[in-house]
Amino acid sequence: MEHEVFVPVPVPALRRTLGDPARVARCVPGLQQDADASAGPLSGRLKVRAGGHTITYRGALRLTPLAGKEAGEAAYGLSVAGEGAEARGSGSAKLALTVRLTDRDGGTAIAFRGTVSGDGRLLELDPAAALSTAHRLLDRFAQQLVTESLAGDAGAGDDTADGAAQDVGEPAEAAVAAEEQAVGEAVEQAIEEAAEEADVPGAAEAAPSHEAAADEAPGEQPPDRASVFDTPVPPSAMDPVAGIEFTVPDGPPAEAAHARRTMIGRSAEEVDHAPPRGRYAPVPSPDSTGAGATLRWVAPAAALALASAVVVSRALRRRR
């Protein structure tokens, strides 16, 4: 398998990223690192989706920089070896990959060359689908590699800028401290002069309390002037209810007074459970009263008829 990707990032930046296993682990798509720190940053679970199947391998990757002859004409070379077993199954897979970085105008060409072997579910994949999946994973790896490299360079630039700002900021801080000290001394001097003027006798009496008018003699107090808000405002002639006097009754209405008198002297249970009286008392319907009166006379008549039938039957038996 061979694949090449061009990225607009110089070789030194990519080389720094590939030299750090922790940063390389963030670039591998679908890699879930192990919680155990001793296992290494490139160990964990790798999820691969190919041909409508999802296979999860558990294993590790190993990075080995290539020497000068092994790298060839490339500016930097890296060898990647990996082994993994299926998380759900008995299959396994092995990876042997070589990554080479070559300088190009405006960026770097990343060349991938390697092989993948194994058994299990990997053999069930179509060769074309497996090759397409490998190219897609390498493209995503290159994209994440560019993002990680640019982020690392930005962080290094910020650290350098902070150091330079600290060196330049020391003289500026000294100048600011000197200005603050001078301002403080001037304020203290002004406060002392004001205190001395306040201690001079007759200074307060000589100062006028108000500005004298042109026709006002010196020392004469101004006349008291009424406030605008104290002036009474006459009622408007256009108000239709200006001449109407509203009165409030001294006591409650008659019905309210009667209800209040009837409530006095009764407990809370009586008020809550007692049936209403007066005009609010329930009125029985005329139909139920008539039915009760009828039943009241039917029951004795039926009892009398039954007793007469018993007496007549006994008398007939005796005659026989």
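Above this text sits the structure in question.
These lines cover the structure that appears in this document, whether it is placed above or below. Owing to the predicted nature of the structure, the values given are computational and were not obtained by experimental measurement.

Topic: the packing of aromatic side chains
Working definition: an aromatic ring pair is given by the centre-to-centre distance plus the angle between the planes.
Link 1 in the chain: Within this structure, the stated rule accounts for 1 aromatic pair.
Link 2 in the chain: Between phenylalanine 112 and phenylalanine 141, the aromatic rings sit 6.3 Å apart at their centres with planes inclined by 75°, giving edge-to-face as the arrangement. One end of the pair, phenylalanine 112, is in strand E7 (residues 107-119); the other, phenylalanine 141, is in helix H4 (residues 127-199), with 29 residues separating them in the sequence. There is no split in this pair, since phenylalanine 112 and phenylalanine 141 are both buried.

Topic: the pairing of strand E4 (residues 53-65)
Link 1 in the chain: The sheet contact formed by strand E3 (residues 43-50) and E4 spans 8 bridges and is antiparallel. Residue pairing in the sheet places lysine 47 in a bridge with threonine 56 of E4.
Link 2 in the chain: Two successive antiparallel strands, E3 and E4, enclose a turn made up of 2 residues, where glycine 51 displays a positive phi of approximately 55°.
Link 3 in the chain: As judged from the 9 bridges shared by E4 and strand E5 (residues 76-86), these two strands associate in the antiparallel manner. Residue arginine 62 lies in a different strand from E5, and its bridge partner there is alanine 81.

Quick word on the environment of arginine 121
Link 1 in the chain: Considering the arrangement of structural elements, one finds arginine 121 in the loop between E7 and H4.
Link 2 in the chain: Once the C-alpha coordinates of arginine 121 and isoleucine 55 are considered, the two residues, 66 residues apart in sequence, prove to be 7.6 Å apart.
Link 3 in the chain: Among residues more than four places away in sequence, those in contact with arginine 121 are His53, Thr54, Ile55 and Glu86.
Link 4 in the chain: Polar contacts involving the side chain of arginine 121 include one to the main-chain carbonyl oxygen of threonine 54, which spans 3.4 Å.

So, the pattern of salt bridges
Link 1 in the chain: As enumerated under the stated definition, the model contains 5 salt bridges in all.
Link 2 in the chain: Within the structure, one salt-bridge network assembled from shared partners comprises Arg23, Arg26 and Glu148.

Cut-offs used in this document
- Residues numbered from 1 in each chain as written.
- Predicted model: local features only at pLDDT ≥ 70, side-chain atom pairs only at ≥ 80, totals over all residues.
- Heavy atoms only, no water.
- Phe/Tyr/Trp six-rings, centres within 6.5 Å; stacked < 30°, edge-to-face > 60°.
- Helix = DSSP H or I, 4+ residues; strand = E, 2+ residues; numbered from the N terminus.
- Buried < 20%, exposed > 50% of the residue type's maximum accessible area, 1.4 Å probe, protein only.
- Pairing = 2+ DSSP bridges.
- Contact = heavy atoms within 4.5 Å.
- Polar contact = N/O pair within 3.5 Å; in protein donor to acceptor, adjacent residues only side chain to side chain.
- Salt bridge = Lys/Arg side-chain N within 4 Å of Asp/Glu carboxyl O.

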